[in-house]
Each structure stands twice: as structure tokens, then as C-alpha cells.
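Chain residues, written in single-letter form:
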Amino acid sequence: TIDPQAMFKLGFLEDVYKERPSKDVVTRFPPEPNGYLHIGHAKAIAVNFGFAKYHGGVCYLRYDDTNPEKEEERYFEAIQEIVQWLGFEPFKITYSSDNFQKLYDLAEELIKQGKAYVCSCSDTEIKDQRGGEKGAHERYRCAHADQSPEENLTKFRDMRDGKYKPREVFLRMKQDITDGNPQMWDLAAYRIKTDTPHHRTGWDWKIYPTYDFTHCLCDSFEGITHSLCTTEFILSRVSYEWLNKSLGVYEPMQREYGRLNLTGTVLSKRKILKLVEDGYVRGWDDPRLYTLIAIRRRGVPPGAILDFVNELGVTTSTTTIQIHRFEQTIRKYLEKTVPRLMLILDPVPLVIEDAEAVDVELPFSPKDPKMGSHTVRFTPTVYIDRSDFREVDSKDYYRLAPGKSVGLLNAPYPVKATSFTKDEATGKITEIRAVYDREGKKPKTFIQWVGTEGSKKAEVRIHNPLFKSEKPDDAEGGFLKDINPESEVIYPDAIIESGFDEVKRRAPWPEAAGESELGKGGPESIRFQGMRVAYFAVDSDSTDDKIVLNRIVSLKEDAGK
Ligand code: ATP
Ligand code: MG
Ligand code: MG
């Protein structure tokens, strides 16, 4: 479960609260529904929902949907689902577009106050008004700034009524161009957009408010006490306060925290789209990506993501983290929460000539008896991993080889290999024969095995980093040139022991509130540790007849495949 106390390793947010100690904290998470959320957004979600939760307040999920060209229905649904999957319940789901009429009325109000004007200047002209290249000269205002409120009102209504073409005119706020902050240089408030219908208001509007006009006012309408955003909005704080103050509405407080970046991957929508369209990955939820739907599909539990965000804490500087640090947190989390099973990636049959079938008891966790145990059938023929056998023994080798003994986890006795058969054409071992080693000393190594009764075949997908370098964005020739050709390694003939059925039935195993409360964790909530191999989760490509598994993370850092 999510511990709000733990959520509050939120560092500087303590000071933010002290600036405005409020009995009824209200926050919001305000995504633009123009793409799938990524790992960075998990921080924004944790900060906004976590801050409210800690102070016994509430958090809205507000879709900042003021840009019809870029918004799609599927993103709305995916965003809500992922917020809930992370374990947070929005107090209310709102849309900036709910306020289009109210925002419009306030724009008229601003015009009447002489604090906004309709302008037809070109981008070049505007740039020059703002001081030109690198502030070469003094800033100045265009003649439109001197229009009377009546004239501006007429023109603004004409904008609304479709009497202008897109880009012909726009509404500008009349702020303070003498201020050193560019956010005060008469920013755009409304633009004409007539190409695409809005997903909620259809063709009702021909003009749409900008972020700078919309965000602070929507925060105000919702009674947001603490408006927490990322540091690229620091300069916007002044314009945010200016607009609310000018209109005399309730004033929320904007404060800024540092973004979370991950190296070794790309998060930009344009780049991920390219990877998807060109077939480098299986889709936006490919387990090698760092969208939240991809991380989820890979099997990372929501609690591990929250632990990760928490461990980093919240500061005002950007946090840039390497993937392996994220994986370290996932590993720590899985270690405590998921059951263990035996799985063989690359099976080869081992015939133990003097063995009989017996039932053996396997605990789901060696450390946590509460997880219980299950019975597996040890059979005279078992499968072991090809990599646990060597044709030629050597002194420093501690697994199976002719004349050498190895332990089989929880089996009655160690086994000693006697002979093997090999396919001459492929050079691959097809069978190993062995006998029990009843008298020998305790083997140095115990390997996993899977019996022939009740076991199941599976396709296992091992994911390695999608890119070769830490900074694919800076790679020579672009990020596509940096793709790791071995980012996905498939074992088509893996075998899992019979205990898989129980693991599946009991999933999700005790862990983050999100899933267990929803009680409908997808296939990815069936997770286990394949002993001596890695952590795995069931992939959504699985069917009734075929199990597909993803490697969530290796057991140890740098464990290669
Ligand atoms: P991107 O361009 O990566 O999608 P964005 O800022 O356009 O990011 P929004 O949909 O506007 O994404 O994001 C919603 C909220 O999440 C905003 O408050 C934004 O500041 C925050 N956010 C986005 N990316 C990060 C990040 N990497 N770390 C922390 N917060 C983030
Ligand atoms: Mg944005
Ligand atoms: Mg975005």
C-alpha cells in the first residue's frame, strides 16, 4: 500500500506547504491528452497526488485539452487508467474545455479593463517588439496595443465568430513589457484554430485559449491551493499570478519542482512514434520503452515505481537517472513481494537412471513463510538449462559435467553425469544421463530443474537496453543509429514448473494497493522470480494455449542475459 508518510520524503515540498498551510489542500495533475504518459509523469503524479494525500486533501485529474489538433480519445483513457493503476484515485476528473465559456467571458473582462488587445502582427514583428535578436534594442508595443477596449471587444467577438482566418489575428494580454521576464511581454491569450473539431466541444469554438491564459484560471476555478509544476514554468509564475490578480479571482500558489529524466532511452513522443512506426518495437507499450504502459506491460509493479520516485525525493533541480538505478529499485521491491518458481530458458533433458518420481515441497519464498509452499513432482527425467552443463569439465567449474556432481534444488540427492548425446549436425547436446550421487559431499552449486509432469512450455522474452549508449539523443546519425540489435532475445522453448498455476491463481501477490484494490490486474500482475534466472511477468500476447513471459529485470545488476 502507498504510505502517505513515505510519500512525503517530498523534500522541499514541506516548505511549500508551510508557505500556505491549508486545512484543505487541493492539487491537480494536469496532463495534455496528446500522448501516453512516461516515467517522468509518474513523478508528477506522485508529487501532486502524494502531496494532497499527505495533507488529507484531494487531487484532481485535469485534462489540459485546449489543443484539438493534438488530442486523441485513446490518450484520455490511457492516462486515467495509468493514474489508477499507480494507486491514485482522482477526486474529480475535469477538463480545461469544461471552462471554455467561462474563460471566454474572462477574456472579455480583461479586454474591458484595457488589459488585452487583438493583434495582427507577424511572428517577425512580435520578435522585434520583444527586443529583436538577443535583445538588440529596446522593447516596444505595436499600434494594436492602443486600440480602445470597444474596438478590441468587437475584434475579439469577430475572432470568435469566424470572421478571421487562423493566424490572421490573436488576442494578447497587455502585461508589462518593461519587466525583465519574457513571460510579461504581452503573451498570447487566444488563437484561432478551425481545422480540427475539439473532441468534447466539436466545432463550437473557433478560438482556443493558450496554456498561459488557461492554466492559472482553471487552477483558480477548482480552488487549487498548491499548483505544483516542473521548473520550466518558473518564469511563468509571474504571468500566472498577474492574470489571476488582474481578474480578481481566487489565487492559487504555483511552485516548481525538478523534472525526472532517464538516460539510455528516449521519452519524446515524436521519437517513440518513429520507433513504433518503423517496427523497432512492438508498440507504445513495448517492454523496452519507458512509457508507463510499457513499464506496466513489462511487469514492473506500481509500488516499485512509487518507491523509485520516493527514493529520489523532490528537489528543485532536474534529476537525471540511469536505467540501472531504476532496475535496482524494482529488484529490491520484487525480492520482497513475488513468489519463486523454477523455469528453464533453454531446456535439455537429464535422465537420472536410478531415480523414482517423488513429490517435493517448494517454498514460494525462502525468507517469507507467509507466502506458503507448493508441491512439485520430481520425475526421473527432468529438464535443466543447457548452460548448466559442460561436455568437458574443469577444476573451476561447479555445475554439471561428465563425472561431476551438481545439486538439484530441493531434489532428493545430487546427481552425477555419466554420459551425453549430441546432435552431430548442430553440435547441440540432446540428452544427458546421470545417476544419483548418494554418498558424495554437499555440492557447491544447486541448479533449477523442471519435471515432466504438469510443467508448461513458454516463450520468454528477455529485454536488454534498446540503445547502446547512455545518450541516444546525441548519437551520431541520430537515435535510430544507436539501437541495440540484441535488445530483445527470445527463448521460444522455455519450460516452467507446475507451480505456475498457483502463482497465476493467487496473483497479484501482496503488493502495491493499486492493483490489488482494483482486483483486476492484467496478465502483467502475474509475476515470479525464476530461480537463478530472473524476474518474470506474463505478457499480454499470452493466450489460453501459449504462455509468453517478459523478463522484468535480471536478478543482479549487469547479469547480461
Ligand atoms: P512531455 O512533453 O514529455 O509529454 P509535458 O510537459 O508536455 O511532457 P504534460 O502532459 O504537460 O507533459 O505533463 C503533465 C504534467 O507532468 C505537467 O505538470 C508536467 O510538468 C509534468 N511532467 C512532464 N514530464 C515530466 C518529467 N519528466 N518529470 C516530472 N514531471 C513531468
Ligand atoms: Mg505540456
Ligand atoms: Mg505532454
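Residues numbered from 1 in each chain as written. Chains lettered and ligands numbered in written order. Predicted model: local features only at pLDDT ≥ 70, side-chain atom pairs only at ≥ 80, totals over all residues. Heavy atoms only, no water.

Judged by nonpolar contacts, the single largest core of 54 residues is most densely connected at Ile39, Leu86, Ile305 and Phe326. Top element by residues in this core is helix α3 (residues 39-54). It accounts for 9 residues. In this structure, Leu153, Ile192, Leu217 and Tyr240 belong to the second largest nonpolar core, which totals 33 residues. (Core = buried A, V, L, I, M, F, W, Y, C linked by side-chain atoms within 4.5 Å. Buried < 20%, exposed > 50% of the residue type's maximum accessible area, 1.4 Å probe, protein only. Helix = DSSP H or I, 4+ residues; strand = E, 2+ residues; numbered from the N terminus.)

Counting across every chain of the model gives 52 salt bridges. Here Glu453 ties to Arg377 by a salt bridge, and the two come within 3.4 Å at their closest N and O atoms. Highlighted residues: Glu453 in the loop between β22 (450-451) and β23 (456-463) and Arg377 in strand β16 (residues 373-378), separated in sequence by 76 residues. Glu453 sits in the partly exposed class, given a relative accessible area of 41%. Salt bridges sharing partners connect three or more residues here, namely Arg282, Asp285, Asp286, Arg288, Arg297, Glu459, Arg461, Glu488, Asp539, Asp541 and Lys546. (Salt bridge = Lys/Arg side-chain N within 4 Å of Asp/Glu carboxyl O.)

What follows concerns the site of ligand 1. The environment of ligand 1 is formed by 13 residues, the closest being Glu32, His38, Thr230, Leu260 and Lys269. Note that a nitrogen atom of ligand 1 is positioned 3.2 Å from one of the backbone N or O atoms of Gly40. Separating a nitrogen atom of ligand 1 from a side-chain N or O atom of Arg259 is a distance of 3.1 Å. Relative to its unbound accessible surface of 580 Å², ligand 1 loses 85% to contact with the protein. Split by residue class, the shell around ligand 1 holds 6 nonpolar, 4 polar and 3 charged. (Near = heavy atom within 4 Å. Polar contact = N/O pair within 3.5 Å; in protein donor to acceptor, adjacent residues only side chain to side chain. Areas by Shrake-Rupley, 256 points an atom, 1.4 Å probe, with all protein chains shown as cover. Nonpolar A, V, L, I, M, F, W, Y, C, P; charged D, E, K, R; others polar.)

Turning our eyes to something else, we now look at the packing of aromatic side chains. All told, the structure shown has 24 aromatic pairs when counted by the stated rule. Relative to Phe91, the ring of Tyr60 lies with its centre 5.3 Å away and its plane at 90°, an arrangement referred to as edge-to-face. One end of the pair, Tyr60, is in strand β2 (residues 58-63); the other, Phe91, is in the loop between α4 (73-85) and β3 (93-95), and 31 residues separate them in sequence. Taking 5.8 Å as the distance between ring centres and 45° as the angle between the ring planes, the aromatic pair formed by Tyr104 and Trp205 counts as tilted. Note that Tyr104 is positioned in helix α5 (residues 100-112) and Trp205 in the loop between β6 (188-192) and β7 (207-209), a separation of 101 residues in sequence. Each member of the pair Tyr104 and Trp205 is classed as buried. One aromatic cluster is present, formed by Phe100, Tyr104, Phe156, Tyr190, Trp205, Tyr208 and Phe213 through successive ring pairs. A cation over a ring is seen here: Arg200 above Tyr95, with NZ or CZ 3.5 Å from the ring centre. Between Arg438 and the ring centre of Tyr413, over which it is positioned, the NZ or CZ distance is 4.8 Å. (Phe/Tyr/Trp six-rings, centres within 6.5 Å; stacked < 30°, edge-to-face > 60°. Lys NZ or Arg CZ within 6 Å of the ring centre and 35° of its normal.)

Time to look at the sheet that holds β23. The strand order across the open sheet formed by 7 strands is β12-β25-β26-β27-β23-β24-β13, and the pairing between neighbours is mixed. Edge positions in the open sheet fall to β12 (340-341) and β13 (343-344), since each of these has one partner strand only. Pairing of β23 with strand β27 (residues 547-554), which is carried by 4 bridges, proceeds in the parallel orientation. Directly across from Arg461, in β27, lies its bridge partner Asn550. Packed on one face of the sheet, helix α13 (residues 323-337) meets β12, β25 (527-530), β26 (534-538) and β27 and runs near 115° to β27. (Pairing = 2+ DSSP bridges. Contact = heavy atoms within 4.5 Å. Axes fitted to C-alpha atoms, helices over the stretch in contact; angles between N-to-C directions.)

Turning next to the domain arrangement of the protein. Assigned domains of the protein: these are domain 1 (118-211) and domain 2 (338-554). Between the C-alpha centres of domain 1 and domain 2 there is a distance of 63 Å. (Domains from an automatic or database assignment.)

On to the environment of Ser239. By the element assignment, Ser239 lies in helix α9 (residues 236-247). Taking relative accessible area as the criterion, Ser239 reaches 4% and is therefore assigned buried. The spatial distance from the C-alpha of Ser239 to the C-alpha of Lys274 is 36 Å, given a sequence separation of 35 residues. Every residue in contact with Ser239, bar those within four places of it in the chain, is listed here: Gln175, Gln183, Met184, Leu187 and Asp212. A polar side-chain atom of Ser239 sits 3.0 Å from the main-chain carbonyl oxygen of Ser236.

This part covers helix α8 (residues 211-221). An α-helical turn contains 3.6 residues, so a residue and the one three or four places further along point in the same direction. Of all 11 residues in α8, 8 are buried; the element is thus mostly enclosed. Phe213, Thr214, His215, Cys216, Leu217, Cys218, Asp219 and Ser220 are the residues of α8 that are buried. Gly223 sits one or two residues past α8 and shows a positive phi near 70°.

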